Amino acid sequence: MSGPLLLVGCGNMGRAMLRGWLDAGFICADAVHVVEPAVSLREEAGALGVRTHVSTETLEPGFKAALAIFAVKPQVMAAALPAYRPHVAEGVTVSIAAGIPLASIAAGLGEVAIVRAMPNTPAAIGKGSIVLCANERASAAQIASVTGLLSANGTVHRVESEAAIDAATAISGSGPAYVFHFIECLADAGVNLGLPAPLALALARETVEGAGALAMATGTPPSDLRRQVTSPGGTTEAALTVLMGGEGLRDVMHKAAVAAHRRAVELAGTTSA
């Protein structure tokens, strides 16, 4: 990428993505400008060797970003965008704010090239699942540049519909929290059965990691992998009778995803109103 990169917001997700870009050598630290009003977060960003700013007022006069990435909370996006109009007009802007539609971003920045992306927290270790879509002003070269940068954080999937971004928010965006809660619950079940807490947690973490790696490595449908583990009349079948019976895990997951999707749509309506 030629030209400077502007990162607006350097909280957990913004910093994780930035570290991924730097570690992969996709961009040099001295080409990155981070705007972050919080002192502690700005100091953490500065420790990575990038240039930091408390606001747009400390950017160099005439500063133009080749790529600007907004990693701020959805609730503050509308107020934050207008100040960046002169700095992003000639490049491409990426937003990772959940629920903020392309039209709302354009309302704040003007008619510029915009890519809306939904990463998740495994992006911090290059294992993210990232979904993106672009407006009509984004060129193929700009989309390729954004895709290349985000690939340092994980696997990138392009979709044509913003509706797919909201749906992905409920699956991959929020999904890590579902998995982390599953690990919590599995570890708690182990403690309830008499295992020491550290061992129960280790077994839960290792089991989820191993099962996920197996599913990725083989490409076998998860239903087939489940059946391979399940011996008739065995322990796994006894457990699955509970997990799959009545209002089982599938129904609970569907309800959880619907709730997350509904909130993403609500955020879009709030910010575009």
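Residues numbered from 1 in each chain as written. Predicted model: local features only at pLDDT ≥ 70, side-chain atom pairs only at ≥ 80, totals over all residues. Heavy atoms only, no water.

Asks: How do you make sense of the pairing of strand β6 (residues 113-118) when you look at a structure like this?
Replies: Here is the key point about a regular strand: its side chains alternate between the two faces of the sheet. By the criterion of burial, β6 is predominantly enclosed, with six of the six residues buried. Residues Ala113, Val115 and Ala117 line one face of β6 and the alternating positions Ile114, Arg116 and Met118 line the opposite face, and both faces are buried. Here strand β5 (residues 92-95) pairs with β6 via four bridges, running parallel. When the sheet's bridge partners are listed, Thr93 is paired in β6 with Ile114. Handedness of the crossover joining β5 and β6 through helix α5 (residues 102-109) is recorded here as right-handed. (Buried < 20%, exposed > 50% of the residue type's maximum accessible area, 1.4 Å probe, protein only. Helix = DSSP H or I, 4+ residues; strand = E, 2+ residues; numbered from the N terminus. Pairing = 2+ DSSP bridges. Right-handed = clockwise from strand over helix to strand, strands pointing away.)

Asks: What is the right way to read the sheet that holds strand β1 (residues 5-8) from this model?
Replies: Backbone-to-backbone hydrogen bonds join strands into a sheet, with any given pair of strands oriented parallel or antiparallel. Here we have eight strands laid out as an open sheet, ordered β3-β2-β1-β4-β5-β6-β7-β8, and mixed in their pairing. The two strands at the open ends of the sheet, each matched to only one other strand, are β3 (51-53) and β8 (154-158). On average, each strand axis in the sheet is inclined to that of its neighbour by 20°, with strand direction left out of account. Taken together, the five bridges between strand β7 (residues 128-134) and β8 define a ladder with parallel strand orientation. In the sheet register, Gly128 faces β8, and the bridge partner there is Gly154. Along the sheet, helix α7 (residues 162-173) makes contact with β6 and β7, crossing β7 at roughly 170°. (Axes fitted to C-alpha atoms, helices over the stretch in contact; angles between N-to-C directions. Contact = heavy atoms within 4.5 Å.)

Asks: Sorry if this is basic, but what is going on with the layout of surface pockets here?
Replies: Any space left empty among the atoms is revealed by the rolling of a water-sized probe across them. Approximately 920 Å³ is the volume found for the second largest pocket. Contributing to the lining of the second largest pocket are 39 residues, with Met13, Ala71, Val72, Lys73 and Pro74 lying nearest its centre. Elements that contribute at least two residues to the lining of the second largest pocket include exactly α1 (12-23), α3 (74-80), α7, α8 (175-192) and α12 (249-272). A class-by-class count of the residues in the lining of the second largest pocket yields 24 nonpolar, twelve polar and three charged. (1 Å grid on protein atoms, 1.4 Å probe; cavity = no way out; pocket = protein on both sides within 12 Å on 5 of 7 lines; lining within 4 Å. Points joined across faces, edges and corners; volume = space filled by probe spheres on them. Nonpolar A, V, L, I, M, F, W, Y, C, P; charged D, E, K, R; others polar.)

Asks: What is the right way to read the pairing of β1 from this model?
Replies: Side-chain alternation along β1 places Leu5 and Leu7 on one buried face and Leu6 and Val8 on a second face that is also buried. In this structure, β1 lies alongside strand β2 (residues 32-35), joined through four bridges in parallel fashion. Paired with Leu6 across the bridge in β2 is His33. The handedness of the β1 to β2 crossover, carried by α1, is right-handed. Summarising the sheet, β1 and strand β4 (residues 67-70) pair through four bridges and their orientation is parallel. Counted as the bridge partner of Leu5 is Leu67 from β4.

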